[in-house]
Amino acid sequence: MTAFAPDSLVLNRKLPLWYQVSQSLRASILGRRPHDPLRLPTEEQLAEHYGVSVLTMRQALKELESEGLISRHRRRGTFIEPGARRGAPRRLLGSIDAIVAQQSGERTTVLGHAPEPVPGELAEYFPDGEEVVTYRRLRCDDGSGEPTNWAENAVRPDVAARLDVADLERWPMTKVLRDSVGVRISRITDTVEARLADPETAELLQVPLLSPILHYTGVTYDAEGRVVDVARIRYRGDRFSFSVTVEAE
């Protein structure tokens, strides 16, 4: 039986290895294509793939099992759950793969993309630019088809010129920028705040006007310190949870 092939990972020695591996594998699982195999490689094969010990790999798999993303069977192997839960709280320790994992796991429809003048509320992020390319996407639960969030990404034109829109139907913007476009991401600044649904958000997310939503803003910087992308994502308040774990040194 052919096994699922996870993405590669560049490890950051400042963060727990098991955590980085679990988040990278999580993003691969949630971003898989419908015809991809459900069976994972063995612990030993995965450990070799990521360059970590079997014990580290085992801890990473235990984390994914606790989320309901995989099931492990003695003698049979480890399998991706076809109806894996997408709504489990996300841990965020500061890796790019954590951001990718948090953004993954739902069916995505690209609503449109076009160049436009820099919106006034984003002027501080693009002080030298007159235009950005805005991508609008709607994400829905794979099982029920119910909308969970919708996103607007304002991307620098020179970066957008190298972006394949079809990739955004499979992968989160962060992964596309890093792995497909080749942007060397240095950091991402996240802000999450409570807001009320405006008419467009209420219509897209199928919630009452002025109902509570969570508004996420993610500002992505490249290695030169330039802002390459500002993501504004509106989440249904009943379909999103967010947790942060702080590791003591």
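As the structure is a prediction and not an experimental result, all values here were calculated from the model.

Taken together, the side chains of Leu 196, Leu 209 and Leu 210 define a hydrophobic patch exposed on the protein surface, amounting to about 320 Å² of accessible area. Looking at the element boundaries, Leu 209 is found in the loop between helix 7 (199–205) and strand 7 (212–222). The exposure class of Leu 209 is exposed, given its relative accessible area of 52%.

Turning our eyes to something else, we now look at the confidence of the model for the protein. The pLDDT averaged across the protein works out to 83; a share of 82% of its residues lies at or above 70. Mean pLDDT per element in the protein: helix 4 (residues 96–103) is the minimum at 51, and helix 5 (residues 157–160) is the maximum at 96. Predicted confidence is poor over residues 85–93, with pLDDT under 50, and the contacts of this stretch with residues over four places away or in other chains come to 40 contacts.

Before going further, it helps to examine the packing of aromatic side chains. Tallied over the full model, the rule gives 1 aromatic pair. When the centroid spacing of 6.1 Å and the interplanar angle of 85° are considered together, the rings of Trp 18 and Tyr 19 count as edge-to-face. Of the two residues examined, Trp 18 and Tyr 19, each falls in the buried class. Above the face of the Trp 171 ring, Lys 175 is positioned so that its terminal group lies 4.5 Å from the ring centre. If you follow Arg 187 out to its NZ or CZ, it ends over the ring of Tyr 221, 3.8 Å from the centre.

Time to look at the nonpolar core. If you look at the biggest cluster of nonpolar residues, it comprises 22 residues, and the most contacted ones within it are Tyr 135, Leu 163 and Leu 177. The set of elements that each furnish at least two residues to this core consists of strand 4 (131–140), strand 5 (147–155), helix 5, helix 6 (173–181), strand 6 (185–196) and strand 8 (227–236). Those residues within four positions of Leu 163 in sequence are excluded, and the remaining contacts are Tyr 135, Leu 168, Met 173, Val 176, Leu 177 and Val 181. If you look at the next biggest cluster of nonpolar residues, it comprises 17 residues, including Leu 25, Val 52, Leu 64 and Ile 80.

Okay, the pattern of salt bridges next. For the structure on display, the rule yields 15 salt bridges. The shortest N-O distance in the salt bridge between Glu 152 and Arg 232 comes to 3.9 Å. Of this pair, Glu 152 sits in strand 5 while Arg 232 sits in strand 8, placing them 80 residues apart in sequence. For the residue pair Glu 152 and Arg 232, the accessibility class agrees, reading buried in each case. Asp 179 is paired through a salt bridge with Arg 178; the nearest N and O atoms lie 2.8 Å apart.

This part is about helix 6. Where helix 6 is concerned, the buried positions are Met 173, Thr 174, Lys 175, Val 176, Leu 177 and Val 181. Phi turns positive, to about 90°, at Gly 182, one or two residues after helix 6.

Below, the discussion takes up the environment of Thr 78. Tracing the backbone through its elements, the reader meets Thr 78 in strand 2 (residues 77–80). By relative accessible area, Thr 78 is classed as buried at 9%. For Thr 78 and Thr 42, which are 36 residues apart along the polypeptide, the C-alpha to C-alpha distance reads 7.3 Å.

What follows covers the sheet that holds strand 4. Read from one edge to the other, the open sheet built from 6 strands follows the order 3-4-5-8-7-6, with strand pairing classed as antiparallel. Unpaired on one side and paired on the other, strand 3 (107–117) and strand 6 mark the two borders of the sheet. For this sheet the average axis-to-axis angle between neighbouring strands, irrespective of direction, equals 15°. As paired elements, strand 4 and strand 5 share 8 bridges and run antiparallel to each other. Bridge pairing in strand 5 links Leu 138 to Trp 150.

Basis of the calculations
Residues numbered from 1 in each chain as written. Predicted model: local features only at pLDDT ≥ 70, side-chain atom pairs only at ≥ 80, totals over all residues. Heavy atoms only, no water. Patch = residues over 30% accessible without salt bridge, like charges linked within 9 Å, V, L, I, M, F, W, Y side chains within 5 Å. Areas by Shrake-Rupley, 256 points an atom, 1.4 Å probe, with all protein chains shown as cover. Salt bridge = Lys/Arg side-chain N within 4 Å of Asp/Glu carboxyl O. Helix = DSSP H or I, 4+ residues; strand = E, 2+ residues; numbered from the N terminus. Buried < 20%, exposed > 50% of the residue type's maximum accessible area, 1.4 Å probe, protein only. pLDDT = per-residue confidence, 0-100. Contact = heavy atoms within 4.5 Å. Phe/Tyr/Trp six-rings, centres within 6.5 Å; stacked < 30°, edge-to-face > 60°. Lys NZ or Arg CZ within 6 Å of the ring centre and 35° of its normal. Core = buried A, V, L, I, M, F, W, Y, C linked by side-chain atoms within 4.5 Å. Pairing = 2+ DSSP bridges. Axes fitted to C-alpha atoms, helices over the stretch in contact; angles between N-to-C directions.

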